[in-house]
Structures are given as C-alpha cells and as structure tokens.
Amino acid sequence: MHYESGVGHIGGNLSALDILLCLYHKILQKDDAFILSKGHAAGALYIALWSVGVLSEADLVQFHREDTLLSGHPPVSGIPEVLFGTGSLGHGLSLAAGLALGKKLKGQPGRVFCMLSDGEWNEGSNWEALIFANQQNLDNLTIVVDLNGLQGFGTTREVADLGVLGEKLRTFGFNTEEINGHDPPAIIRALETQAAQPNAIVANTTKGNGISFMENRLEWHYLPLNEALYQQALQELTRL
Ligand SMILES: [Mg+2]
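Residues numbered from 1 in each chain as written. Predicted model: local features only at pLDDT ≥ 70, side-chain atom pairs only at ≥ 80, totals over all residues. Heavy atoms only, no water.

(A) Just the sheet that holds strand 3 (residues 141-147), in detail. With respect to topology, 5 strands assemble into an open sheet ordered 1-2-3-7-6, the strand pairing being parallel. In this open sheet, the two edge strands, each paired with only one partner strand, are strand 1 (33-36) and strand 6 (175-180). The mean inter-strand angle of the sheet, taken between neighbouring strand axes irrespective of direction, is 20°. Taken together, the 4 bridges between strand 1 and strand 2 (residues 112-117) define a ladder with parallel strand orientation. (Pairing = 2+ DSSP bridges. Helix = DSSP H or I, 4+ residues; strand = E, 2+ residues; numbered from the N terminus. Axes fitted to C-alpha atoms, helices over the stretch in contact; angles between N-to-C directions.)

Here is the structure:
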C-alpha cells in the first residue's frame, strides 16, 4: 500500500502492527471502542480492519489516493470503526478518556482502548488526560504506548527524554505493564488485563520491525520505498 501510493510512515506502522492485529482479532468486542492516537499508523490500522473483514482489498488499493476514504491519517468520518480523525498528535488520549467517562456515566458496558506513540508524550495534553483518567478512576480505559524510541526528528531521548515511562504512568495512577510489543501472547495477555484503576501497557517495539534496513532507523519515519528496496523488503518478509 505504502509503496504503490509512494508515501512514508512505514517504520511507525510496522512497530504498531502486531499490537493492532492482536487487538482486532483477540480483544475488541462490540461494545468496545478504539482510538489510534498515533494517526500516522493509519496504514497498519487499515490492514487490521481488512484482516477482520471490515475493509476489502478494493478499499486498500485506494489507500492515500485522491478522494479516498483511506487517507494517510484516519478519516474524520466514513469508516464506522474509526471514531475520530486523528494524527494531530496528543489528542487521542483525551478523546478516549472522554469516551470512557461517558460509558461510566451512562452505565454502558465495554472498554475503551487508545494507542499512542512514544514521541507523542511531548504533548502536554496527554499528561492532562492522565490526571483526568485517574481522578475519574477510568478502569474501563486501557492505553497502549508503542515505545519504539524514535520520533520524527530524532530519538525520544534526544528530543524530550521520557525517562522510564512505565514508572511515570504508575505515578499517575495507572496499572501499568511493560511488554514486548512484538510478542502476540504477551500483547493479548496484557490487553485482557483490566484492573480496578486505569490501565496502561508500555509496549517495547522496533520501528520498521521485520525489515532489516528499516529497523531502528530514524529515516524510515518518513521515507517512501523505491522499487529496489520494496523488492528487498518483500524478499525478507517472504523468508519469514
Ligand atoms: Mg516513536
């Protein structure tokens, strides 16, 4: 999809993909909601939605084309499973916390999940949302952080060091688990966990996971694939 449409953001899609597949195949029920706060991983989200039959192959071909539903960031409307247009970073968690509070006030069942990037914690709105979620004891909220250690313009440590994010989330009142974000049984176990307080999963991931020349390489935040690299990537994935 990314190759044929000539767009980047591949690295951050590959770090998020295993988590999104586990979420859609093993966790989400009809009363649940999911918000992809790191909207630049829309490609991985569309693949997850395709893999559970929500989108078709014909839909995927339209990725990032003119007048498409499948824009480079999740669309504001048109796909029922996509509740909000996201990608302007730092907003998804506040939206998720509001949804979770709404469910509690109305006595509605279901959980709310939100996936964030690690670079996204540069945004103060996320820390406000943590305070709010703790204050309201949103035990129906689970946040997943795709901790790949890189963001658009450098390592997260160079840009604005998060320290040990899991410790900070615990301090903010979240039941927090640290896992390998490319280990499906561990991902599913962590997503199933629902404590009597807001829940957080810090998923240690690899940007560009699965493609040797992309892994942990900053430039694959933005670069599109040329034909030679596309063929090499396909070969590597086929060998798996
Ligand atoms: Mg990152």
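(B) Main features of helix 2 (residues 10-27). The end-to-end C-alpha distance of helix 2, which contains 18 residues, comes to 25 Å, matching closely the 26 Å that a straight helix rising 1.5 Å per residue would cover. Counted residue by residue, helix 2 has 13 buried out of 18 residues, so it is predominantly covered. (Expected span 1.5 Å × (residues − 1). Buried < 20%, exposed > 50% of the residue type's maximum accessible area, 1.4 Å probe, protein only.)

(C) Summary view of the packing of aromatic side chains. Per the counting criterion, the structure on display carries 7 aromatic pairs. Plain terms: the ring middles of Tyr46 and Phe63 are 6.0 Å apart, the flat faces sit at 70° to each other, and that makes the pair edge-to-face. Of this pair, Tyr46 sits in helix 3 (residues 42-51) while Phe63 sits in the loop between helix 4 (57-61) and helix 5 (92-106), placing them 17 residues apart in sequence. Since its relative accessible area comes to 0%, Tyr46 is described here as buried. Among the residues examined, Phe63 registers a relative accessible area of 3% and is labelled buried. Residues Phe153 and Tyr222 carry aromatic rings whose centres are separated by 6.0 Å and whose planes lie at 45° to one another, so their mutual orientation is tilted. Taken together, the positions of Phe153 in the loop between strand 4 (150-151) and strand 5 (154-155) and Tyr222 in the loop between strand 7 (199-204) and helix 10 (227-239) put the pair 69 residues apart, joining distant regions of the chain. (Phe/Tyr/Trp six-rings, centres within 6.5 Å; stacked < 30°, edge-to-face > 60°.)

(D) Seen up close, the pairing of strand 7. Here strand 7 lies mainly inside the structure; 5 of its 6 residues are buried. Bridge analysis of strand 3 against strand 7 gives 6 bridges, and the strand direction is parallel. Considered in strand 7, the bridge of Val145 is made with Val202. Examined bridge by bridge, strand 6 and strand 7 share 6 bridges and lie parallel to one another. Paired with Ile179 across the two strands is Ala203, which belongs to strand 7. For the crossover that starts at strand 6, traverses helix 9 (residues 184-192) and ends in the parallel strand 7, the hand is right-handed. (Right-handed = clockwise from strand over helix to strand, strands pointing away.)

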